Amino acid sequence: MQSYRHLFALTGPLYVVIAFLGRLPLAMSQIAALLAVSGATGSYAAGGATAGALAIANAIGAPVAGSLTDRVGQRPVLLVQSLVGTVGLLGLAALTITLDPGQPWWPLPAAAALTGAFVPQIGTMARVRWRPISSATPGADPRVMDAAFSYEGSADEASFVLGPALVGVIVAVAAPVTSLVVAALLLGAFGTWFALHPTVALVGAAAPGPGSRVRLLTPALLVLAGTQLGIGMVFGSIQTGTSVLATQAGQPGLTGLLHALLGVGSVLAGLAVVALPERVGHVRRLRVFTSAMVLLSLPLLLVGSLASLAVALLCLGVAIAPSMITTFTLAERTTPARRLGAAMTILAAMTGTGYAVGAPLAGRLADLGGHQPAFAVTVAATLVAATLAWAGARPVRRALTTATTPRTGRLVEPHRTRPQDAPNAR
C-alpha cells in the first residue's frame, strides 16, 4: 500500500482517473461491436468478424503509433488517434443502424478495421510515462516501477471489467448500437485529455543518434509477444463463448456483465503482485502464472449454466492479470528506453491480434457446436501462453542479464543499471 500511495502521489489522482477512463473505449468497442452487429445481422460469425477486424486493425496500428511516439512524442500521435477514432466509432454505429436484414454485412468489418487502426492504446502509453515520471522525482521509491506495472495491469483488467459491464447495462436498457456511441464519446473526451495532460511532456521525441537505432525485435520480446498473443486469444474466445451461452439461456444482455467477472479476480490478483519479493524472479513468475491459467481454464469445458460460467470466469481471472503484468514488466526491463513505446504497443498489439484470432475462431465453432467448442479455444490459448513461457525462458533471462550488465561498446540506458533488477535474471 505504501508503494501505491507513493506512486499516485507522483502525479496526483486526476491523472490516474483520466488515464483509466481513457482506456475504457477500447475495452468497450470490441464487445459493443460484437453485440451490435450480431443483433443487427443475426449471425455470431458477423459479430465476431467485426469485433475481430477492429481488434486486428488496432493490433496493426498500435505498433506504428508506438514507434511514432518514440520519434515525435505522445501528444500529436494521441491527439490524432483520439479524434479519428471517435469519428470512426460513430460511423460504425451509423452503418450498423442503416443495415437492412438480408443485406451483405461485409461493410461492417471493413468500417471496424478503419476505426480500430486509430483507437489509441492509452494503457500502454501510460506505462511508458511512469519511468520518466518517477525519474523526475527525487528520492523515488525503488519499488515504484513494480507498483506502476502492477497498477497498470490491474487498471487494464479493471477497464475490461467496467467496459463490458457498461456495455451490458446499455444493452439492457437501450439498443446495442448505443454502446458504440458511448464509447466514441468517452474516447473523444478522455483520450484527448490524456494526450494533453502535462505528464506528456516527460516523454518527448527521442534525440537523434545511434541509441535511436537500437534493435527492437529481440528473441526475448518475441517470446513475450507470443505469450500475449495467447492471452489475447483467451479474451476473444471467452467473450464469444459467453455471448453464445448467455443467448442460449435467453439472457443476451448479461454477456457484458458475465465477461466482466473475468476481470474481478484478475484485478485483485494484479494489485497483489507488487507484494511478491524480489527474489521471486519474473521469469519464474511468468511460468507459474501461465501454468495457472491452463489449470483454471479447464472448468470452462464443463460449464452448462450461467451460474457455473460465472464461477469459472472468476477463478480464471486470478491468473490473467499477473501473467500480463509480468510480460510487460519483463519487456520494460529488457528494452532500451528509446524504444519502449514501440515495445509496449507491440505487446498490446499481440493481445489484440490474439483477440482477433480467438473471437472469430470461437464464433465459427460456436455456430457449429455451441459454447463448449468456443471455450475449447480458450484452453488451447492458455496452452500457447504457458508453452512459450516455459520454452522461451532462456532468451528472456539472457536479455535481463544483458540489460543489467554494462558491456563495452553498448549503450546502457540509465534505468537498466538498477542493482535490484539483477536477481530477476535468475
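Residues numbered from 1 in each chain as written. Predicted model: local features only at pLDDT ≥ 70, side-chain atom pairs only at ≥ 80, totals over all residues. Heavy atoms only, no water.

For the rest of this paragraph, the subject is the confidence of the model for the protein. On average, residues of the protein carry a pLDDT of 83, and 90% of them reach 70 or more. Of the regions scoring below 50 in pLDDT, residues 406-426 engages in 46 contacts with residues more than four places distant in sequence or in other chains. (pLDDT = per-residue confidence, 0-100. Contact = heavy atoms within 4.5 Å.)

Moving on to the side chain of Thr345. Position of Thr345 among the secondary structure elements: in helix H13 (residues 340-369). Relative accessible area serves as the criterion here: at 2%, Thr345 is assigned to the buried category. Here Thr345 is in contact with Ala62, Pro63, Gly66, Thr124 and Met125, once residues within four sequence places are set aside. (Helix = DSSP H or I, 4+ residues; strand = E, 2+ residues; numbered from the N terminus. Buried < 20%, exposed > 50% of the residue type's maximum accessible area, 1.4 Å probe, protein only.)

Okay, a nonpolar patch on the surface next. On the surface, a cluster of nonpolar side chains totalling about 320 Å² of accessible area is made up of Val80, Leu83, Val84 and Phe118. Among the structural elements, Phe118 can be located in the loop between helix H5 (107-116) and helix H6 (122-135). (Patch = residues over 30% accessible without salt bridge, like charges linked within 9 Å, V, L, I, M, F, W, Y side chains within 5 Å. Areas by Shrake-Rupley, 256 points an atom, 1.4 Å probe, with all protein chains shown as cover. Salt bridge = Lys/Arg side-chain N within 4 Å of Asp/Glu carboxyl O.)

Here we take up empty space enclosed by the protein. Where empty space is left in the structure can be found by rolling a water-sized probe over the atoms. Evaluated as defined, the whole model comprises five cavities of 30 Å³ or more. Within this model, the largest cavity holds a volume of roughly 330 Å³. Every residue lining the largest cavity is counted, 23 residues in all, and those nearest its centre are Leu26, Gln121, Phe160, Ala348 and Thr351. Within the residue set of the lining of the largest cavity, elements represented by two or more residues are helix H2 (13-41), H6, helix H7 (144-173), helix H9 (219-248), helix H12 (306-334) and H13. Of the voids in this model, the second largest cavity is the one considered here, and its volume is about 50 Å³. If you go around the second largest cavity, the residues you meet are Ala62, Ala65, Thr69, Leu78, Gln81, Val119, Pro120, Gln121, Thr124, Met125 and Thr345. Looking at the lining of the second largest cavity, the elements with two or more residues in it are helix H3 (44-72), helix H4 (74-98) and H6. Ranked by residue count, the leading element in the lining of the second largest cavity is H3, at three residues. Residues belonging to the lining of the second largest cavity are distributed by class as follows: six nonpolar, five polar and no charged. (1 Å grid on protein atoms, 1.4 Å probe; cavity = no way out; pocket = protein on both sides within 12 Å on 5 of 7 lines; lining within 4 Å. Points joined across faces, edges and corners; volume = space filled by probe spheres on them. Nonpolar A, V, L, I, M, F, W, Y, C, P; charged D, E, K, R; others polar.)

If you trace the backbone, Ala385 turns up in helix H14 (residues 371-391). Once the C-alpha coordinates of Ala385 and Gly230 are considered, the two residues, 155 residues apart in sequence, prove to be 4.8 Å apart. Leaving out residues up to four positions away in the same chain, Ala385 has contacts with Thr227, Gly230, Thr290 and Met293.

Counting 88 residues, the largest nonpolar core has Leu7, Phe194, Leu300, Leu309 and Ile320 as the members making the most contacts within it. The next biggest cluster of nonpolar side chains, apart from the first, holds 28 residues, and it includes Val37, Leu54, Leu92 and Ala111. (Core = buried A, V, L, I, M, F, W, Y, C linked by side-chain atoms within 4.5 Å.)

At a minimum axis distance of 7 Å, the contact between H13 and H14 shows a crossing angle of 150°. Relative to H14, the element H13 lies roughly antiparallel. Taken as a pair, H13 and H14 cross one another with a handedness that is right-handed. Contacts between H13 and H14 pair Gly358, Leu361, Ala362, Leu365, Ala366 and Gly369 from the former with His371, Pro373, Ala374 and Val377 from the latter. Taken together, the residues of the contact of H13 with H14 break down into seven nonpolar, three polar and no charged. (Axes fitted to C-alpha atoms, helices over the stretch in contact; angles between N-to-C directions. Parallel < 35°, antiparallel > 145°, perpendicular 65-115°, else oblique. Left-handed = near helix turned anticlockwise from the far one by under 90°.)

Moving on, we come to the packing of aromatic side chains. Within this structure, the stated rule accounts for five aromatic pairs. Aromatic pair Tyr15 and Trp130: ring centres 5.9 Å apart, planes at 85°, arrangement edge-to-face. Residue Tyr15 is located in helix H2, and its partner Trp130 is located in helix H6; the two are separated by 115 residues in the primary sequence. This pair shows no difference in class: Tyr15 is buried, exactly as Trp130 is. (Phe/Tyr/Trp six-rings, centres within 6.5 Å; stacked < 30°, edge-to-face > 60°.)

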